[in-house]
Structure formats: C-alpha cells, structure tokens
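# Remarks on the overall topology
In case you want the letters, here they are:
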Amino acid sequence: MAVWKRTLVILWFANFCVTMGTSLIIPFIPLYLAQLGVHTEQSIDRWSSWVFSIQFVTSFIFQPIWGAFADRRGRKLMLLRAGFGMGAMTACMGLVNAPWQLLLLRFINGIFSGFISMAISLQASVTPAEQSGKALGTLQTGNIAGSLIGPLIGGALSEWLGFQGCFFFTGALLVVASLIVLIFVHEPKVKREVKAKQRGSWRSLVGLWPVFLGSFMTQLAMMSIEPIVTIFTRHIYHGPHLSLVAGLVIATSGIANLIGTPTLGRIGDRIGQYRILLVAFLGAAIAFIPQSLAHNLALLLCGRFLLGLFIGGMLPSLQVLVRKLAPLEKQATAFGMNSSATFFGNLVGPLIGGSVAASYGIRSVFYVTMSLLVANAIVIAFNRKALSPRTEEMAV
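Since the model is a prediction, treat every value here as computed from it, not as a measurement.

### Let's talk about the side chain of Ser-253
Take Ser-253: it is sitting in helix α11 (residues 242-271). Given the relative accessible area of 2%, Ser-253 is considered buried. Of note is the side chain of Ser-253, whose polar atom sits 3.1 Å from the side chain of Arg-304.

Below, the structure is given as structure tokens:
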C-alpha cells in the first residue's frame, strides 16, 4: 500500500475518534451544568452558550500559531500536542465542581485544539497533488461520521457511565487516537533547504484570502441555522415525535456530507477545485430556497440534503487549494489559518442566525445566509486566476 494511502487510513480513524469524542459530550452539557449547581433555565442557557462558544474563541486565536510551529517543528508533533492536550483537558472536565471550572477548562481546551487541521496538513504533505481532492475528501468523511455518531453514543453512554464518566471516556479516546498516530504515522523528512525558508514572510499567504473567506462562509452557512433548526422544525411539524424528527433534519445534511465530500473531491481532481467551489457555493445558496419555503417536512429535508451535499463539495476543494496555493514552507501555517477561519465561522454563524431570527423571523435567516453565499460565489468568480493553479507548478 502506498504511504499516502496507509497514512489516510490511520488518520481517518484518528479523526473519527477525535470528532466523535468531542461531539459526544456536547448534547448533555446543559444537564451537566444543572448537576454543577446551575438551576434556573435562563442561567443554564447562558452558561451553556458560554461553555460551548469559549473554545471557538481560543481555537480561532491559536490555530495560526500552532500552524507556524508545525512548519518549523513538524506536523506530527503538533498533532500529538493537540490530541494529548485535549485528552487531558477533557478528562479533567469530569472532575470539576463548579460551572466556572468547566468554562476555564473549555477555554484551555481551545488553546490545545487543532488535531483535525494538523491531520489535514499532514495528509496533504504525503499525498500526490493529483490525488489531493480524493484523499482530503475521504479524510473529511471521518470527521463527518464522527460528528454524526458522537451525539448518539453520548446519549447512551451518559445513562451508562454518567456525565463524568463520559468526559473520562472521551479523554481516553483522544489519547488512544494520539497514540495510534504516534506509533503508526511517519511524517516525511523535510529537506534542509526547505527548512531554511521556514521563517519566510507571512505575506506569501495573502493570496489565500479568498480561500480563508470561503472556509469562514462555509461554516457560517451551516451554523447560522443549526442552533434553531429544532425550533423551525416545530413550526412545520406538529406530530408526537418532534425530537426524533428534529434529529433527522439535522442528520440529513451530515449524511449528504458523507456523499458529497469524497465524490466532489474526486471530481475536483479531474476538472479543478475552482469549478467545484463555484458550483458548490451557488448550489448551497439555492439549497436554502426550499428550506425557506418549507411548510412540510419533505421539502425541508430535501433542502437540508442539498445543502449538505454542496457543503461537502466546498470542504475538500478549499483544503486542496490551501495545499496547492500555499508555499511548501508555509503549508501548516496556511492550514492553521484556514482552520482559524472555520472556527470563526462556528462562532459568528449562530450569532448572526440568532440575531436575524429574533429581529425578522426564522425564515429570514435562510435568505440572509443565501445572500452571503451568493456574495462569496461572486468573490470566487472574480478570483478565478488566483484559484486555478496549474497542477504541474504545484507538484511537490
């Protein structure tokens, strides 16, 4: 088996474990806060939003920093730093006695984060340029599968192990994933002449701003509506199984991601990531139309599936463009900045969605997000030359 394929299998499993573990604990954080002494509904809502969001703040700040370290010291080292650090912090969350302690540990956990971005950067460094879309698209399915399965496993484990036990389990899972990488993944040695360039100017990454903007907008598009999907579902579904139906609506986009990410990634290798990216942004914008007009469950599910499918096309295309456009000595830094843009989208998306919904109604969120995606597609169209690198020039 080729080295890049072997590395892909190992990193896919590691990414799956990490994403499953981190998404496993999210559903019961409000319940855990109640156990820690937060009792009123308003206080639980407020503390839950703080605990959920604080990690994105520190992740946004530290991703480019760890990326720069990776360019100097190696991607594998930074990947292990993230895995072992997040594992230790998550396990410690099971030992807290007050909500402020949980908030502090989530804050520190964001500093350690970056496992996924370093895994992508490491995979990109060992993959031939002509196979980048296929490899990074496949790697992304590990994250998606983990995020889909994690909440289901978390619900079952919380009843079996308790909330504290789930944090210990997740911490152990992150450590195991890191150990697998430590033992089985081998990072290629960087030539000395490349290392000599590693203190190069950050100006070499200025041309990547359309890619970073695209990553930010991709995540914003998903997260602007994600927190209020259940409320919107309740407006159009009046049956007895609201929780089940809301879960299905949320999961539909994730299932479509699993289909679109590797499929459109492979197509991007053949026809170019720029074309896939432009089609994906326009397609995602169009996918909000049936959602905004939905007065029955079938139309809503159709829109969610289309959205997930086209978002799946954006993810590998953006990552491959980072790999092709960033100078070799700055690739980990570039992946860190791209990850930072993603975390910023995670942070801003719910704020925009919640504010628009509160001021103009839930359906307005779809139109606002659709407009932002169309605007981003226009930006991509005007940067065609910059986003269409010649493969032969980018080969490593």
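### Some details on the packing of aromatic side chains
As enumerated under the stated definition, the model contains twelve aromatic pairs in all. With a centroid separation of 5.4 Å and 70° between ring planes, the pair formed by Trp-47 and Trp-50 is classed as edge-to-face. A residue pair is termed a helical-turn pair when its members lie 3 or 4 positions apart in one helix, as Trp-47 and Trp-50 do in helix α3 (residues 41-73) at three residues. Judged by its relative accessible area of 42%, Trp-50 is partly exposed. Here the aromatic residues Tyr-32, Phe-163 and Phe-167 are joined through ring pairs into a cluster of three or more. Over the ring of Trp-66 we find Arg-81; its NZ or CZ atom is 4.0 Å from the centre of that ring.

### Brief notes about helix α5 (residues 99-112)
Its 14 residues give α5 an end-to-end C-alpha distance of 20 Å, which sits within 8% of 20 Å, the value for a rise of 1.5 Å per residue. Among all positions of α5, only Pro-99, Leu-102, Leu-105, Arg-106, Asn-109 and Gly-110 are buried. The arc that holds every buried residue of α5, seen down its axis, measures 145°, which confines them to one face. For α5, the secondary structure elements touched by its buried residues are α2 (29-35), α3 and α4 (75-93). Of the residues one or two after α5, Gly-114 is the one with positive phi, at around 130°.

Rules used throughout
- Residues numbered from 1 in each chain as written.
- Predicted model: local features only at pLDDT ≥ 70, side-chain atom pairs only at ≥ 80, totals over all residues.
- Heavy atoms only, no water.
- Helix = DSSP H or I, 4+ residues; strand = E, 2+ residues; numbered from the N terminus.
- Buried < 20%, exposed > 50% of the residue type's maximum accessible area, 1.4 Å probe, protein only.
- Polar contact = N/O pair within 3.5 Å; in protein donor to acceptor, adjacent residues only side chain to side chain.
- Phe/Tyr/Trp six-rings, centres within 6.5 Å; stacked < 30°, edge-to-face > 60°.
- Lys NZ or Arg CZ within 6 Å of the ring centre and 35° of its normal.
- Expected span 1.5 Å × (residues − 1).
- Arc of directions from axis to C-beta.
- Contact = heavy atoms within 4.5 Å.

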